[in-house]
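# Analysis of the macromolecular model
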Amino acid sequence: MTSVLFVCLGNICRSPLAEGVFRDLAQKRRLSDKLEIESAGTGAWHVGNPPDPRSIEIANEHGIDISQQQARRITEADFSQFDFIFAMDQDNLRHLSAHRPPDGTATLSLFLDYAGLGQKDVPDPYYGGTDGFQRVYGMIETASSGILDRLFPVNDPS
Ligand code: 4NP
């Protein structure tokens, strides 16, 4: 089993989308039973809340239901329970690096390092409009696909 955790600031906009999109792609690649997929936030403001309505909406438009997710905050245990922790931006990554316990085994990395887009941060769409969520969705799809390619390379005999 490979376990992956997506982390943003509030766990209501970006990382819930990443969780939903990654789960959907994994299902389509028939990899669901090989993966544990969760998301969390570095902040606690929205703990227990469902994702932002704009994230729920953009996921819906792509046939993905994330409405049942509940925000939670990253815990110390996450650093040893997950194999990979992906930070949605460099602030999130700094927070994770600073809070990582000495015995933490998870590999920390920047989510967009797997997208090949030449960008480092999935921009925080919270204070913007719907177009921000659309842009974020595309980046999340590309990076999620890149991560799955890396974790589960497909043998190409050609
Ligand atoms: P997220 O977006 O980190 O993608 O979930 C945010 C959600 C809420 C806040 C900031 C970012 N906030 O300040 O409440």
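Residues numbered from 1 in each chain as written. Predicted model: local features only at pLDDT ≥ 70, side-chain atom pairs only at ≥ 80, totals over all residues. Heavy atoms only, no water.

### Observations concerning the pairing of strand β4 (residues 107–110)
Each regular strand displays side chains that alternate between the two surfaces of the sheet. Here strand β3 (residues 84–87) runs beside β4; their pairing, made up of 4 bridges, is parallel. Note that in β4 the partner of Ile85 across the bridge is Leu108. Between the parallel pair β3 and β4, the chain is carried across by helix α4 (residues 90–99), and the sense of this crossover is right-handed. (Pairing = 2+ DSSP bridges. Helix = DSSP H or I, 4+ residues; strand = E, 2+ residues; numbered from the N terminus. Right-handed = clockwise from strand over helix to strand, strands pointing away.)

### Considerations on the environment of Lys28
With respect to the secondary-structure elements, Lys28 resides in helix α1 (residues 14–28). Take Lys28: its relative accessible area is 60%, and that puts it in the exposed class. Distance from Lys28 to Ala115, taken between C-alpha atoms, is 19 Å for residues 87 residues apart in sequence. There is a polar contact of 2.8 Å between the side chain of Lys28 and the side chain of Asp24. (Buried < 20%, exposed > 50% of the residue type's maximum accessible area, 1.4 Å probe, protein only. Polar contact = N/O pair within 3.5 Å; in protein donor to acceptor, adjacent residues only side chain to side chain.)

### Some remarks on the sheet that holds strand β2 (residues 35–41)
Strand order across the open sheet formed by 4 strands is β2-β1-β3-β4, with parallel pairing between neighbours. Lying at the two open borders of the sheet, with one neighbouring strand each, are β2 and β4. If you compare each strand with its neighbour and ignore which way they point, the axes differ by 20 degrees on average. As paired elements, strand β1 (residues 2–8) and β3 share 4 bridges and run parallel to each other. Bridge assignment links Val7 to a residue of β3, and that residue is Ala87. Sheet contacts for α1: β1 and β2; angle to β2, the most-contacted strand, approximately 170 degrees. Contacts from α4 reach β1, β3 and β4 within the one sheet, and its direction differs from that of β4 by about 160 degrees. (Axes fitted to C-alpha atoms, helices over the stretch in contact; angles between N-to-C directions. Contact = heavy atoms within 4.5 Å.)

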